[in-house]
Amino acid sequence: MDEGHSSEPVLLRIEHLHKRFGTTAALVDASLTVRRGERVVLIGSSGSGKSTLLRCINHLEVPDQGSIWLDGEFMGGRFAADGRWIQASGGELARQRRHIGMVFQSFNLFAHLSALDNVALGPQWILKRPKALARAQARQLLAKVHLAGHEHKLPAQLSGGQQQRVAIARALAMEPKLMLFDEPTSALDPRLTREVLEVMLELAREQTTMLVVTHELGFARQVADTVGFLEEGRIVEVGTPEQIFDRPQHPSTQAFLNCFSPGGL
Amino acid sequence: MGEILPRLLRALATTIQISVLALLLGTVFGLLLGIARVIGPRLFYPVIDGYIFVVRSTPFALQVYAAFFLLPRAGIDLPLFVVGVLALLFNSVGYQIEIVRPALESVDKEQREAADSLGMTRWLAMWLVILPQAARRMVPPLTNELANLVKASSVLSVIAVYELTRAGHAIIASSYKFAEVLILVAALYFVTIQLLSWGAAYLERRIFTYRSGQPI
Amino acid sequence: MEDTPLLFAGLDVRFMVEIFPRMVQALLVTVQISALALLLGIVLGIPLGGLRVIGPRPLQLLIQGLVSYIRGTPQILHFLVVYFALPGVGILLDEYWTGVVALTVIAVGYEVEIVRAAIESVHKGQREAALAQGMTEPMAFWLILLPQATRRMLPALTNELINVIKASALLSVIAVNELTKVGNAIIYNTFYFVEVLLEVAVLYMLVIGALSWLSNYLENKVFSFGTALSTPETR
C-alpha cells in the first residue's frame, strides 16, 4: 500500500515479555514495536502465543515479566522515584485501557444492549459525553461499518459478521490510539469474514494503528506494513510482508507457510 | 366456618405483607452484600461469609427470639410487626446473598473482559454490564425465596405477630374448632406457596428460553 | 461466685460457664429428638419412597400429594396439627413424643424425595436385570436398588438432619426442654439476654457447622462414584 512508517514515533513498545500458564510457557521473551499509523499482523499456528501477546498488552492477562509502553506510558503500573514497582490500581488500569481498542474472536457484545447502546455505552459512561452526542456518534460509527438500520437490534438478532462489526464500532467509539484484533474472523464463515475484513481494510486505509492476530494470510499480505511470525511463544521472525511471505528466513516460518501454499490448498 | 374464613384471610394478608416487605428490603441488602462479596475489598469476604454462616446455622426461631429480646434491650422499642419483619429480613438477606452471587458469577467472563477492554472500572462494569444481565437470572430464585418467606413468617407467631398461624391459633383457643381452622390455615398456606413456586418455575423456563439465544 | 461477675467484652463469662452444663444437656435433647425423628423418617421414608417409584399410580400420586403438602406448608403448622389432632383421635402423648411425631412428619416430607432420587439415580438396567432374573418388584427394590442407593443418600440425610435440628427449635412452643426452650427459660429467670442467646447460637453453630462439614465430606466421597443428591435447605 503506502510507504513505511520508520519515521513515525513509536506508539507501542513491548520488551522481553514472558507469560506462563501453569507449566506451559505462553510467551517467551517477546519484543515488538508498533509505530503510529503502522499495521502489524501477527501470524502463527494456534497456541503459538499470538492471542496471549495481544491480551497482555491491555493487561487482560498480566505478564509475568517484561514491559509494555503505550505512547511513552508504562502499562499496568509504574516505577516510583526509588525504583520500586507500583502496581496500577483498577482505576488507573481502566484509564490506560481506554486508549486501546480490542476486538475479540467471540465478539463479546454486551448481550443485554442493542447495537447502538453497545457502541454508545463507553463514550457516555467512560468519556462522560452527553448521551445525545454519544448516540449520534454511535450512529455514525455503525454507518461506517455498514450497519445503518441495525441500530436497535440485540446481539442475538445479528449475524456473526454483523456482531463483529458492531464490536469494531464499539472499540472505535473510544477513539483509541491502538486497535487490537484478536482473530476477529476465526468464528465466521467465509462470506461473513469478507464483511469484517472489508471494514478492517477501510480502517487500514485511514491510517489506524492496528495490531492484528489472524489466520487470513491474504489480508496480512494486503494490509500489513509489518508481519510477525510466532511459534511456541517466541516471535521468531519479523519483516515486511514480502520478506515473510516471499523469502521467509526461519525454517519454522517456511514450514508454516508451506501449509498455505497454492498447491497445499 | 363462615366467620372464621374472613379473619384468616385478613391474617393471610398480613403474612403476605410481612413476607413481601422482607423480600424487597432483603433484595436491597442482598444485592449490596452480594456485589461486595464478588468485587468488593477482600477484607469484607470473611465478614459476609460469617454472616451467612450464622444465618444458616441457627434456627430461624432462635433468630426471632433474639430480635424479640435484644432490640428492646438495646433501647429500640418497635411494634411486634416491625420486629418480625426485621427478624425475617435478617434471615432472608443471608439467603439472598447466595442468590445474587451465583447470578453475578454466571455472567460470561467474556462480558467482563469486553468491559475491561473498553476501560471500565469494575464497579462501572458491574453496574452497566454484569448486573443488568444477572438480574433476570435472579428473578426465579427470588420468587422462590418469597415462597420460603411465607413459610418462615409463620415462626413469627411465637412472638405474637398476628399473622396467619397466630390468627389460627387464636381462633382455636377461643372456639376449639381446631379441625376446621387447621384445614383452612393449611389450605391458605398451601395455595399461596404453591402459586409462588409455580411462578418461580414458570419464570425459570422463560429465562431459560432467553438464555438459549432467543430474542427477548 | 455470683457476686463477682467476670466480664469479657461486656459479657458475664462466669454466668455463661455456670449455665453451660444445662445448655449442653438441652443441646443433647435437641440432637436426640432430631436424630430420632430422622430415623423414624427413614423407616417411613424408605417404603414411601419405594412406593413413590414402583408403586401403583394412585398410590404414587397420594404420596406425591403428601410430600407437596408437607413441604408446601410451614413447619410450625405441622406441630399444631400433631398437637391438636393426636388427642383428637384419642392418641395421648407427652410433649416430648408429640415433638418427635411432628418432627418426623417434617423429616418424612424430605426423606421420601431423598429415597426416590437415590433410587432413580441407580441405573435403570439394574432393575431390569433383577426383574429379568425373576425377582418381583419389591424384591428388586429391597435387594438390588436400595443397597446401591443407600450410599448416595448419606450426604442428603446429613443435610436433612441439619434441617430437622433447626426445625426442633420450634418445639420450644410446646414446652419440650430442647436448647431454644431452655435458653428462653433462663432468659426469663435471669434477664441475661445476650449471654444466653450467644451461648445458644454458638452451640447450634457448632453442631450444624460440624454436620455440614460432614455432609460436604460425604458428598465428595459419594461424588466420586455417582451423582450426589441435592436437598433443599429449610430454616
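Residues numbered from 1 in each chain as written. Chains lettered and ligands numbered in written order. Predicted model: local features only at pLDDT ≥ 70, side-chain atom pairs only at ≥ 80, totals over all residues. Heavy atoms only, no water.

1. Some details on the sheet that holds strand E2 (residues 24-35) of chain A
Residue and element names in this part refer to chain A.
Working step 1: If you walk across this open sheet you meet the four strands as E2-E1-E4-E5, and the pairing is antiparallel. Each edge of the open sheet carries a strand with a single partner, namely E2 and strand E5 (73-74).
Working step 2: Sheet topology places strand E1 (residues 10-21) next to strand E4 (residues 65-70); five bridges connect them, and they run antiparallel. Counted as the bridge partner of His 18 is Gln 65 from E4.
Working step 3: Strands in contact with helix H1 (residues 50-57) are E1, E2 and E4; relative to E1, the strand with the most contacts, it is inclined by about 120°. (Pairing = 2+ DSSP bridges. Helix = DSSP H or I, 4+ residues; strand = E, 2+ residues; numbered from the N terminus. Contact = heavy atoms within 4.5 Å. Axes fitted to C-alpha atoms, helices over the stretch in contact; angles between N-to-C directions.)

2. Remarks on the interface of chain A and chain B
Working step 1: Between chain A and chain B, the contact holds 25 residues from the first and 22 residues from the second.
Working step 2: Carbon and sulfur atoms make up 66% of the area that chain A and chain B hide from each other, which totals about 1,900 Å².
Working step 3: Contact with chain B buries surface across chain A, with Phe 110, His 112 and Trp 125 of chain A losing the most and accounting together for 28% of the total.
Working step 4: On the surface where chain A and chain B come into contact, there are one salt bridge.
Working step 5: The salt bridge partner of Glu 113 of chain B is Arg 55 of chain A, with a shortest N-O separation of 2.4 Å.
Working step 6: Our count for the contact surface shared by chain A and chain B stands at seven residue pairs in polar contact (both at pLDDT 80 or more). (Buried area = accessible area lost by both parts, 1.4 Å probe. Salt bridge = Lys/Arg side-chain N within 4 Å of Asp/Glu carboxyl O. Polar contact = N/O pair within 3.5 Å; in protein donor to acceptor, adjacent residues only side chain to side chain.)

3. A few points about the sheet that holds strand E10 (residues 210-213) of chain A
In a beta sheet, neighbouring strands are held together by backbone hydrogen bonds and run either parallel or antiparallel to one another.
Residue and element names in this part refer to chain A.
Working step 1: Overall, mixed pairing links the six strands, which are arranged E8-E9-E10-E3-E11-E12 in an open sheet. A single partner strand is all that each edge strand has here, and the edge strands are strand E8 (100-103) and strand E12 (234-239). Ignoring strand direction, the axes of neighbouring strands in this sheet form an average angle of 15°.
Working step 2: Taken together, the four bridges between strand E9 (residues 178-182) and E10 define a ladder with parallel strand orientation. Its bridge partner lying in E10, Asp 182 is registered against Val 213.

4. Description of the nonpolar core
Working step 1: Ranked by size, the top nonpolar core spans 86 residues in total, and within it Leu 8 and Leu 164 of chain B together with Met 23, Leu 103, Leu 179, Val 196 and Tyr 204 of chain C carry the most contacts.
Working step 2: At ten residues, helix H8 (residues 193-223) of chain C tops the list of elements feeding residues into this core.
Working step 3: Residues within four places of Leu 164 of chain B in sequence aside, it is in contact with Leu 8, Ala 11, Leu 12, Thr 15, Val 185, Leu 188 and Tyr 189 of chain B.
Working step 4: Counting 53 residues, the second largest nonpolar core, distinct from the first, contains Leu 60, Leu 121 and Ile 126 of chain A together with Met 126 of chain B. (Core = buried A, V, L, I, M, F, W, Y, C linked by side-chain atoms within 4.5 Å. Buried < 20%, exposed > 50% of the residue type's maximum accessible area, 1.4 Å probe, protein only.)

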